[in-house]
Each structure stands twice: as structure tokens, then as C-alpha cells.
Amino acid sequence: DGGITQSPKYLFRKEGQNVTLSCEQNLNHDAMYWYRQDPGQGLRLIYYSQIVNDFQKGDIAEGYSVSREKKESFPLTVTSAQKNPTAFYLCASSMGDTNSGNTIYFGEGSWLTVV
Amino acid sequence: AQRVTQPEKLLSVFKGAPVELKCNYSYSGSPELFWYVQYSRQRLQLLLRHISRESIKGFTADLNKGETSFHLKKPFAQEEDSAMYYCALYSGAGSYQLTFGKGTKLSVIP
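None of the values given here were measured: they were computed from a predicted structure.

What follows concerns the overall build of chain A. A tally of helices and strands in chain A yields zero helices and 11 strands. Since a compact globule built from 115 residues should have a radius of gyration of about 13 Å, the 13 Å found for chain A is in line with a globular shape. Counting only residues that meet the buried cut, chain A has 52% of its 115 residues in that class. When contacts within chain A are restricted to residue pairs at least 6 apart in sequence, those whose partners lie at least 24 apart make up 53%. Taken as two groups, the 10 positive and 12 negative side-chain charges of chain A have centres that lie 7 Å from each other.

Structure representation (C-alpha cells):
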């Protein structure tokens, strides 16, 4: 089954701890993205990566870090510096940039709750 | 800065009634607009894009540059249309990102 796989689906974290969300895609897509979805806020871009070993900050990158060591993987680390980490996190990918020819595909998401 | 506004958080209509989900955008260039849909317990997926001028599941959307709008319409709502709908804007080649509105939850009443 091709697509984007995020894990875990649900994660609880204690304050002060870092946590890493996994995102894997087997679509052979070059670009990958992390969005945060909060109720009533829509989707906001955290980080994106156009190619391996390269990534750029999105609108709300503070308190997050990413890596892109492999084309198929784009893990997101939520650090203790993120002041309000409880949210729904969506990973996505596209063949290239999100122009008219490149649809962006989303994973099923990961719920992170800080306790 | 680009911005996408969806003024309605929730829209309830009866089955068989027309549906219009509003989307307005702010962008100085020539944008590309998209509608994404998220059905209950499913992942977010592309519904349609303005350049394709297509009708998907009976939905259409016309880009009105004069009014900076990209409203999503369907003449007769079905129960299976109940979902969360997001309007998104792509600002141009190389930007690598979509700007999303806050979403409208459509509820179709049987």
C-alpha cells in the first residue's frame, strides 16, 4: 500500500522532554512537509524539505527540528523549547514544488499531547 | 503576505440543498487555488484545483480574481459530503508551500 505513514498516531510527552514523530513515504517524492493543525487554526507549515539533506523553516519552526537523511524519511522532533506542543501533526509530500502539476499528499497524522 | 480566509467555521445544510463554501484570498500575484477535504477518520486529500476546471463529486469552484474568491459549490448536497473543507493558495513556483485557510466544517442534515 503506497503512501505516507506517520507514527505513532498518539503520543504523550512530559513537559521538558523532546519527542520525535516519524514520517515515511514510498511515493518517491522529492519534497516533504510538516504541518501543525490546531482547532480553528487550519494548517500551519513547520518545516519543509525539497531534497535530501536540505530543509527550510516554515511559518512556525521555533521549537521544532527536522532532518532529511533519506528521501523517504522526514522525522520531526518537538523539543522542550516548543511552548505549546499539544497539537495534531500532519506530514505531507509532493513530487516537487506544489505547483499545478504536483499534488501534495498527506499522512494520517499524529496526535501529540503534553502531560 | 498571502492569506486565505474561510469566514464560516461551520455550515449546516439539508440534504438536497445547494452548498457554497466561501474562500477569499489575499495575494498580489497570480495564485493557484485548491480545495482540500478531510472526511471523518480519513486523511486530508485534494478535492480540486482551479486550473483544472474540473468537477469532483459534483463540486465546482471558480476563481474570481476581481473578488479574490474561490468559493466551492455543489447544487445538491449529499450526506457523504459532510467533512472539513480547506481552501489553500499556492503562490508560485519555488515557494514549496501552500497557505491554508482555517477550514469550514460542512454538516449535511438528512
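Having put the structure on the table, let's press on.
A complete count under the given rule lists 12 aromatic pairs over all chains for this structure. Both rings, one in Tyr86(B) and one in Phe100(B), keep their centres 6.5 Å apart while their planes meet at 85°; by these two values the pair is edge-to-face. One end of the pair, Tyr86(B), is in strand 9 (residues 83-90); the other, Phe100(B), is in strand 10 (residues 98-100), with 14 residues separating them in the sequence. An aromatic cluster is defined as three or more aromatic residues linked by ring pairs; in this entry it consists of Tyr33(A), Tyr35(A), Phe106(A), Phe34(B), Tyr36(B), Tyr86(B) and Phe100(B). Here the basic side chain of Arg68(A) rests over the ring of Phe74(A), its NZ or CZ set 6.0 Å away from the ring centre.

Considering only enclosed or pocket space, the largest pocket measures out at about 1,000 Å³ in volume. Around the largest pocket, the lining is made up of 42 residues, and of these Gln37(A), Phe88(A), Gln38(B), Met84(B) and Tyr86(B) lie nearest the centre. Those elements that provide at least two residues to the lining of the largest pocket are strand 4 (31-38) and strand 5 (42-49) of chain A together with strand 1 (3-5), strand 9, strand 10 and strand 11 (104-109) of chain B. Here the lining of the largest pocket gets four residues from one element, more than from any other, and that element is strand 5 of chain A.

Bringing the pattern of salt bridges into the picture now. Residues and elements named next belong to chain A. By the definition in use, this model includes eight salt bridges over all chains. Note that Lys-9 and Glu-108 form a salt bridge whose closest N and O atoms lie 3.5 Å from each other. Note that Lys-9 is positioned in the loop between strand 1 (4-7) and strand 2 (10-13) and Glu-108 in the loop between strand 10 (105-106) and strand 11 (110-114), a separation of 99 residues in sequence. Here Glu-108 falls in the partly exposed class, since its relative accessible area comes to 40%.

All names here are of chain B. Taken in spatial order, the three strands line up as 3-8-7 in an open sheet, and their pairing is antiparallel. Across the chains shown, the open sheet's two edge strands, defined by having one partner strand only, are strand 3 (19-21) and strand 7 (60-61). Summarising the sheet, strand 7 and strand 8 (residues 72-74) pair through two bridges and their orientation is antiparallel. For Thr-60, the partnering residue across the bridge sits in strand 8 and is Lys-73.

Remember that side chains alternate between the two faces of the sheet whenever the strand is regular. Residues and elements named next belong to chain A. Residues Ser-110, Leu-112 and Val-114 line the buried face of strand 11, whereas the alternating positions Trp-111 and Thr-113 sit on a face that is not buried. Bridging between strand 2 and strand 11 involves four bridges; their strand directions are parallel. The residue bridging Leu-11 from the neighbouring strand is Leu-112, located in strand 11.

Let us look at the pairing of strand 5 (residues 32-38) of chain B. Residue and element names in this part refer to chain B. For strand 5, the tally of buried residues reaches seven of seven residues, placing the bulk of the element in the interior. Taking every second residue as pointing to the same face, both faces of strand 5 are buried, with Glu-32, Phe-34, Tyr-36 and Gln-38 on one and Leu-33, Trp-35 and Val-37 on the other. Taken together, the seven bridges between strand 5 and strand 9 define a ladder with antiparallel strand orientation. Residue Phe-34 lies in a different strand from strand 9, and its bridge partner there is Ala-88.

Under the definition given, this model contains two disulfides over all chains. Each sulfur of the disulfide joining Cys23(A) and Cys91(A) lies 1.9 Å from the other. The sign of the -75° torsion about the S-S bond sets the Cys23(A)-Cys91(A) disulfide as left-handed. Of this pair, Cys23(A) sits in strand 3 (residues 19-25) while Cys91(A) is found in strand 9 (residues 87-94), placing the two residues 68 residues apart along the sequence. You can call Cys23(A) buried: its relative accessible area is 0%. Sulfur-sulfur distance for the disulfide between Cys23(B) and Cys87(B) comes to 2.0 Å. Taking the sign of the S-S torsion, -65° for the link of Cys23(B) and Cys87(B), the bridge is left-handed. Taken together, the residues Cys23(B) in the loop between strand 3 and strand 4 (24-26) and Cys87(B) in strand 9 connect sequence positions 64 residues apart. Taking relative accessible area as the criterion, Cys23(B) reaches 0% and is therefore assigned buried.

Thresholds applied
Residues numbered from 1 in each chain as written. Chains lettered and ligands numbered in written order. Predicted model: local features only at pLDDT ≥ 70, side-chain atom pairs only at ≥ 80, totals over all residues. Heavy atoms only, no water. Helix = DSSP H or I, 4+ residues; strand = E, 2+ residues; numbered from the N terminus. Rg over C-alpha atoms; globule rule 2.2 N^0.38 Å. Buried < 20%, exposed > 50% of the residue type's maximum accessible area, 1.4 Å probe, protein only. Contact = heavy atoms within 4.5 Å. Lys, Arg positive; Asp, Glu negative; His and termini not counted. Charge placed at Lys NZ, Arg CZ, Asp CG, Glu CD. Phe/Tyr/Trp six-rings, centres within 6.5 Å; stacked < 30°, edge-to-face > 60°. Lys NZ or Arg CZ within 6 Å of the ring centre and 35° of its normal. 1 Å grid on protein atoms, 1.4 Å probe; cavity = no way out; pocket = protein on both sides within 12 Å on 5 of 7 lines; lining within 4 Å. Points joined across faces, edges and corners; volume = space filled by probe spheres on them. Salt bridge = Lys/Arg side-chain N within 4 Å of Asp/Glu carboxyl O. Pairing = 2+ DSSP bridges. Disulfide = S-S within 2.5 Å.

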